[in-house]
Amino acid sequence: MLLLLTFGSTLAATEVHERRLNNGLKILVKPDHRAPILTSQVWYRIGSSYEYGGITGVSHLLEHMMFQGTEHLAPGEFSRIIAENGGEENAFTGRDYTAYYQNLANDRLEVAFELEAERMRHLKLSEPEFLKELEVVKEERRMRTEDDPHALTYERFSAVAYDASPYRHPVIGWPGDLEQLSLDDLRNWYRLWYAPNNATLVVAGDVEPESVFALAEKHFGPLAAEDIRPPKAQLEPEPLGEKRLRLKIPAKEPYLLMGYKTPALATAKAPWEPYALEMLSYILDGGDSARLARELVRGHQIAASVSADYSAFERLPGLFLFEGVPAKGQTAETLEAALREQVARLQSVPVDPLELERVRNQVIAAKVFERDSLFYQAMQIGLLETIGLDWRLADTYVDRLAEVTPEQIQAVARTYLTPERLTVAILDPQPLGSKAQAALSSHQGGSTHVR
């Protein structure tokens, strides 16, 4: 434990340098001189949770179009230049963000800045490229959602679990909305959200902050700001009772999803609650020795697989999720009852201090080693800034987890894991056709799409 705290404190002590250009672009630089490399990431405050009915999926489709040419770059030229400079690049869209990154040698940062500045305000949106990428996205949706029973269940489950929150929309968009998206929709979305005052530039690696700021001023400084008007909040009403849905989908096996409405860090009544919910998820699902694997998979052999998940770092309140596949000879209902027993136990009996200490050490070790990655360091800073939180939370995150007590875990279980906050979805497997059999793949999660 002493070793972990010492290591964590060393990482936390690495200073992040901050600057904002006159056009509103925020720049965060985290020097790390262990190797002559860097990651450069541009995070935009735009994702599926900003979308409304009729244009869902527009953020993700626009992410695809960002690689299809600008006023001075031909389609695909961005990626070709990065590859010629020995780098790698990609992008991803989530509910609360769209982010673009390049991993390069430390003497190639200007290449990334020149290209990102060009497509921040000078994207060329043409009808032929739009129609081509729209078909690519539709095929992506068919493969990752419609032909994946777990992903399809998750999509329909989310649409029922949330009453008003835009988290009810899939990142990739509803099929009907994709059919009616137009090039003008993308032009408007790009003009509204792709501006320096709606972005955060994060650089981590073997760099000097003042040199980074000078390069950023050179390439991003001339870009014009935009009149950014974030949409009004669509707040969830108070839950009035448990919801259930049963889906008949061609699949090999039954599948269970359970989700309790929970706060995020920005909306919690007390600042420690989200950290207690995260530790609760690790008590249940923190590896092979955690309760779900030990008791439901190996012990009682009720589940073939089962997991629990919660994230404190979201822009809007989310869900504490359980998902699982019943073991052979068991049913989804049996697994649901077993998970309800796990929740009842957490509510009635405080977690043993020794169990909490073991889980705490595992979690802190994993988090400290995650922070050893340049990409992860920049990603954590960019995510926090983009969802409206202070990037300094990244430095205190491990300490807040370490402070969680058994009483706090019991308190959040009693407050938030209650029937009136619960939505349950059961996949009732239907016979597989030959096409469905060939298309079956693992669950993709549904909350982030990588190009």
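Residues numbered from 1 in each chain as written. Predicted model: local features only at pLDDT ≥ 70, side-chain atom pairs only at ≥ 80, totals over all residues. Heavy atoms only, no water.

1. Structural notes on the overall build of the protein chain
Here comes step 1: Along its length, the protein chain carries 17 helices and 12 strands.
Here comes step 2: Taking 2.2 N^0.38 as the reference for a compact globule, 451 residues should give roughly 22 Å; the C-alpha atoms of the protein chain span a radius of gyration of 23 Å, in line with that estimate.
Here comes step 3: C-alpha atoms of the protein chain, sized along the principal axes, occupy 60 × 55 × 40 Å.
Here comes step 4: Taking the intrachain contacts of the protein chain between residues at least 6 apart in sequence as the baseline, contacts between residues at least 24 apart amount to 83%.
Here comes step 5: Roughly 18900 Å² of accessible area belongs to the protein chain as shown, and the carbon and sulfur atoms make up 53% of that amount.
Here comes step 6: The distance from the centre of the 48 positive side-chain charges to the centre of the 65 negative ones in the protein chain is 4 Å. (Helix = DSSP H or I, 4+ residues; strand = E, 2+ residues; numbered from the N terminus. Rg over C-alpha atoms; globule rule 2.2 N^0.38 Å. Contact = heavy atoms within 4.5 Å. Areas by Shrake-Rupley, 256 points an atom, 1.4 Å probe, with all protein chains shown as cover. Lys, Arg positive; Asp, Glu negative; His and termini not counted. Charge placed at Lys NZ, Arg CZ, Asp CG, Glu CD.)

2. Some thoughts on the domain arrangement of the protein chain
Here comes step 1: According to the domain assignment, the protein chain contains domain 1 (17–221) and domain 2 (243–435).
Here comes step 2: Distance between the C-alpha centres of domain 1 and domain 2: 28 Å.
Here comes step 3: Listed as interface residues are 39 residues of domain 1 and, on the opposing side, 39 residues of domain 2.
Here comes step 4: With both sides pooled, the region where domain 1 packs onto domain 2 buries about 3300 Å², and carbon together with sulfur makes up 66% of that total.
Here comes step 5: The largest share of the area that domain 1 buries against domain 2 comes from His150, Thr153 and Phe157, three residues that together contribute 19% of it.
Here comes step 6: The salt bridge involving Lys26 is made with Glu385; its shortest N-O contact spans 3.0 Å. (Domains from an automatic or database assignment. Buried area = accessible area lost by both parts, 1.4 Å probe. Salt bridge = Lys/Arg side-chain N within 4 Å of Asp/Glu carboxyl O.)

3. A look at the pairing of strand 1 (residues 17–20)
Here comes step 1: Pairing analysis gives four bridges linking strand 1 to strand 2 (residues 26–31), with the strands arranged antiparallel. By the bridge assignment, Glu18 is partnered in strand 2 with Leu28. (Pairing = 2+ DSSP bridges.)

4. So, the UniProt feature "domain: Peptidase M16 N-terminal" (unreviewed entry) in the protein chain
Here comes step 1: UniProt's feature table lists "domain: Peptidase M16 N-terminal" (unreviewed entry) at residues 27–170, given in the numbering used throughout.
Here comes step 2: Between the end C-alpha atoms of residues 27–170 there is a gap of 30 Å, over a span that is 43% helix and 19% strand. (UniProt positions renumbered as here; feature names shortened; annotations may be inferred.)

5. Digging into the pattern of salt bridges
Here comes step 1: For the coordinates displayed, the defined rule picks out 39 salt bridges.
Here comes step 2: Between Asp390 and Arg392 there is a salt bridge, and its shortest N-O distance comes to 2.9 Å.
Here comes step 3: The exposure class of Arg392 is partly exposed, given its relative accessible area of 42%.
Here comes step 4: One connected set of salt bridges, linked through shared partners, spans Glu18, Lys26, Glu385, Asp390 and Arg392. (Buried < 20%, exposed > 50% of the residue type's maximum accessible area, 1.4 Å probe, protein only.)

6. Focus on the UniProt feature "domain: Peptidase M16 C-terminal" (unreviewed entry) in the protein chain
Here comes step 1: UniProt marks residues 181–362 with the feature "domain: Peptidase M16 C-terminal" (unreviewed entry), using the numbering shown here.
Here comes step 2: The span residues 181–362 is 40% helix and 21% strand, and its two end C-alpha atoms sit 46 Å from each other.

7. Let's talk about the side chain of Thr386
Here comes step 1: With respect to the secondary-structure elements, Thr386 resides in helix 14 (residues 374–386).
Here comes step 2: With relative accessibility at 2%, the residue Thr386 sits in the buried group.
Here comes step 3: Polar contacts involving the side chain of Thr386 include one to the main-chain carbonyl oxygen of Gly382, which spans 2.6 Å.
Here comes step 4: Those residues in contact with Thr386, other than ones at most four positions away along the chain, are Trp43, Tyr44, Arg45, Asp96 and Tyr97. (Polar contact = N/O pair within 3.5 Å; in protein donor to acceptor, adjacent residues only side chain to side chain.)

8. Looking at the packing of helix 2 (residues 58–65) against helix 8 (residues 183–193)
Here comes step 1: Following both chains from N to C, one finds helix 2 and helix 8 inclined at 85°, their axes separated by 10 Å at the closest point. Taken together, the axes of helix 2 and helix 8 are roughly perpendicular relative to one another. Taken together, the residues of helix 8 that come into contact with helix 2 (itself represented by Val58, Ser59, Leu61, Leu62 and Met65) are Asp185, Leu186, Trp189 and Tyr190.
Here comes step 2: Here the residues of the contact of helix 2 with helix 8 sort into seven nonpolar, one polar and one charged. (Axes fitted to C-alpha atoms, helices over the stretch in contact; angles between N-to-C directions. Parallel < 35°, antiparallel > 145°, perpendicular 65-115°, else oblique. Nonpolar A, V, L, I, M, F, W, Y, C, P; charged D, E, K, R; others polar.)

9. Quick look at the packing of aromatic side chains
Here comes step 1: Applying the stated criterion across every chain yields a total of 22 aromatic pairs.
Here comes step 2: Between Trp43 and Phe92, the ring centres sit 5.6 Å apart and the planes meet at 75°, which makes this aromatic pair edge-to-face. Here Trp43 is found in strand 3 (residues 37–44), whereas its partner Phe92 is found in strand 4 (residues 88–94), with 49 residues between them in sequence.
Here comes step 3: Taking relative accessible area as the criterion, Trp43 reaches 0% and is therefore assigned buried.
Here comes step 4: With relative accessibility at 6%, the residue Phe92 sits in the buried group.
Here comes step 5: With centroids separated by 6.1 Å and ring planes inclined at 70°, the aromatic side chains of Phe67 and Phe78 adopt a geometry described as edge-to-face. Highlighted residues: Phe67 in the loop between helix 2 and helix 3 (77–84) and Phe78 in helix 3, separated in sequence by 11 residues. With respect to class, Phe67 is no different from Phe78; both count as buried.
Here comes step 6: Each residue in the set Tyr44, Phe67, Phe78, Tyr100, Tyr190 and Tyr194 is aromatic and connected to the rest through ring pairs, giving one cluster.
Here comes step 7: For Arg95, the ring lying beneath its charged end belongs to Tyr167, and the centroid distance is 3.8 Å.
Here comes step 8: Seen from the ring of Phe78, Arg119 lies directly overhead, with NZ or CZ sitting 3.7 Å from the centre. (Phe/Tyr/Trp six-rings, centres within 6.5 Å; stacked < 30°, edge-to-face > 60°. Lys NZ or Arg CZ within 6 Å of the ring centre and 35° of its normal.)

10. Concerning the sheet that holds strand 10 (residues 318–326)
Remark on secondary structure: sheet strands pair via backbone hydrogen bonds, oriented parallel or antiparallel.
Here comes step 1: If you trace the five strands from one edge of the open sheet to the other, you get 7-11-8-10-9, paired in mixed fashion. One side of each edge strand has no neighbouring strand; the edge strands of this open sheet are strand 7 (243–250) and strand 9 (303–309). Taking the axes of each pair of neighbouring strands and ignoring which way they run, one obtains an average angle of 15° across the sheet.
Here comes step 2: Sheet topology places strand 8 (residues 255–262) next to strand 11 (residues 422–430); six bridges connect them, and they run antiparallel. Residue pairing for strand 11: Tyr255 is matched across the bridge by Leu427.
Here comes step 3: Sheet strands in contact with helix 11 (residues 291–299) are strand 9 and strand 10, and its direction is about 155° off that of strand 9.

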